[in-house]
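Results of the structural survey
These are the residues of each chain, in order.
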Amino acid sequence: MELGAVVVVPAREDLLSLQEAQPHALAASEKSRPFYSSRMPILGNDVLRSWMERVRKLGLRSLWLTHTPCDERVDGSALAEFARQGVERLLVIELKSYAEMDLADLLRFHCESRNPVTEAEDAGGQLGVCLRDYLALHATGEKSAFPSAPTDIGQASYQFRGYAKRILSGKERQELVRDGLTGACAMRPLGTEIRDQVWVGEGAHLASSVRVIGPTYIGARTIVHAGATIGPFASVEHDCVVDCGTTVERSTVLPDTYLAPGLLIRHQLVDGGYLEDLSWGAVADLQPAGLGSRIQRREARRQAFRETDVQSRRGGACARGFAPSSTASQPWLRVQL
Amino acid sequence: MKAIPWTILPFPCGASFADRRGLRKDLLVALRVSGSPVIVDFSSCGTLNHEDIDLLLECAAQAAGRETKVLFVAGTRVNRVLLEVTRISSLVPVFNSVREALAYPQIAAESHVQDLRAS
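A short tour of the structure in this document, coming up. (Residues numbered from 1 in each chain as written. Chains lettered and ligands numbered in written order. Predicted model: local features only at pLDDT ≥ 70, side-chain atom pairs only at ≥ 80, totals over all residues. Heavy atoms only, no water.)

**Looking at the overall build of chain B**
Rules: Helix and strand labels come from DSSP, where a helix needs a run of H or I of at least four residues and a strand needs a run of E of at least two; each type is numbered from the N terminus. Relative accessibility thresholds used throughout: buried, under 20% of the residue-type maximum; exposed, over 50%; partly exposed, between the two (1.4 Å probe, protein chains only). Two residues form a contact once any of their heavy atoms are found within 4.5 Å. For the area figures, the Shrake-Rupley method with a 1.4 Å probe applies, and any residue is considered shielded solely by the protein chains shown.
Within chain B one finds 4 helices and 4 strands. Helices (α) and strands (β) of chain B occur, in sequence order from the N terminus, as β-α-β-α-β-α-β-α. Residue burial in chain B is summarised as follows: out of 119 residues, 39% are buried. Long-range contacts, defined as pairs at least 24 residues apart, comprise 71% of the intrachain contacts of chain B with a sequence gap of at least 6. Accessible area for chain B stands at about 6600 Å²; split by element, carbon and sulfur atoms hold 53% of it.

**Observations regarding the interface of chain A and chain B**
Selection criterion: By convention, the term buried area covers the 1.4 Å-probe accessible surface removed from two parts as they join, with the contributions of both added. Note on definitions: salt bridges are taken to be side-chain nitrogens of Lys or Arg within 4 Å of carboxyl oxygens of Asp or Glu. Under the rule applied, a polar contact is a pair of N or O atoms within 3.5 Å (in protein, one hydrogen donor and one hydrogen acceptor; residues adjacent in sequence only if both atoms are side-chain atoms). Residues are sorted three ways: Asp, Glu, Lys and Arg are charged, Ala, Val, Leu, Ile, Met, Phe, Trp, Tyr, Cys and Pro are nonpolar, and all the rest, Gly among them, are polar.
Residue-level contacts link 20 residues of chain A with 15 residues of chain B. Carbon and sulfur atoms supply 66% of the area that chain A and chain B bury against each other, a total of about 1400 Å² over both sides. The tally of links between chain A and chain B comes to 0 salt bridges. Between the two partners, chain A and chain B, sit 7 residue pairs in polar contact (both at pLDDT 80 or more). The set of elements that each furnish at least two residues to the side of chain A that touches chain B consists of strand E21 (264-266), strand E23 (274-277) and strand E24 (283-285) of chain A. When residues of the side of chain A that touches chain B are assigned to their parent elements, the largest contribution, 3 residues, is made by E24 of chain A. Here the residues of the side of chain A that touches chain B sort into 12 nonpolar, 5 polar and 3 charged.

Such coordinate-based values are descriptive only and should not be taken to indicate function.
Here is the structure:
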């Protein structure tokens, strides 16, 4: 049976156009929770690549990449197009979670349960990973074209009991950072372990008076100025600047963020000019007070986590031609594994 | 229990330059000359800008080493977060509401009375 794979990157609808230029775009206000792109690195790692690796272990040579507004599922007619092109079974991964899942086990369960759809779940609910057979793909397409069409197809739940975190939530991201730093999950910080539980990425610069308390991660090309304290349980991702005397503790600072001098960042997540307090859920704009901002970088250096980069790093060919019901807001990209 | 006289001053954010200057003067005078505690209330502030942060630090500096007790009322979670991020909350006690702030010295006074009784 021919198996295909699709990875869907959730994005806020009003940010879709921004994603090309600024893949880690975040919109936040006091009223709405911030949106963190699932392409944002976690301890320097791209969660998309971890899923790509799992798909590759299934024996697939390529997968399709697309994005949808974060509250929506991928367009049913687009999935039906896969069925029309001969795909009999499709693995659909919505990039909402990091899960150390054995996809071969999921596939085995799906075959044994003999249901057209299998959704992977853990105690917290669906993980955004499902398998759809030809019948389900076809029914999804019909439902998309004719909303009144019946979709009474069998669905099984695959109970995943391994390690999983939802990466669109600031709190769970921070839990993943903690677990990655302490070895409680398989994700390891991307850098050199300069001393016990302290990892530093390539080209990072730390002033001699900086205090680093492990477990901690400092990403590539990040600059930490005199008197700053980083850690414990902190992750300052790539290309950040932490100014003099600022403390970052039990927190994540997302890429290209500048933090002003003398701040106390504790149990918070900072992305450019926005800060989410992980205890209270409040989102503060740091920019009017000059406490933090997004560092604007030259296009060539700015971001290493773009779709195009996925191909170039893998060295695989990319066919942009195939576009099941491709629209401006939902382009499809084929990625060689 | 004897009522403690309080001075509650709204924090001059979002005002025009002249109003802001006037309110700022009132605030700093109150901190300098008032013998009673001063509550600075940010409830009407949507967010704090760099001028607000400067003024807050000036308030904290004025209050340092004086008899005048100063308390801040954040009003919103966002303001509270900003006060914590800037470490101002480690210099001056911060409360969510005026009511909470008013309860603060009473609790202190009550515990002081209880301490006296115990001794």
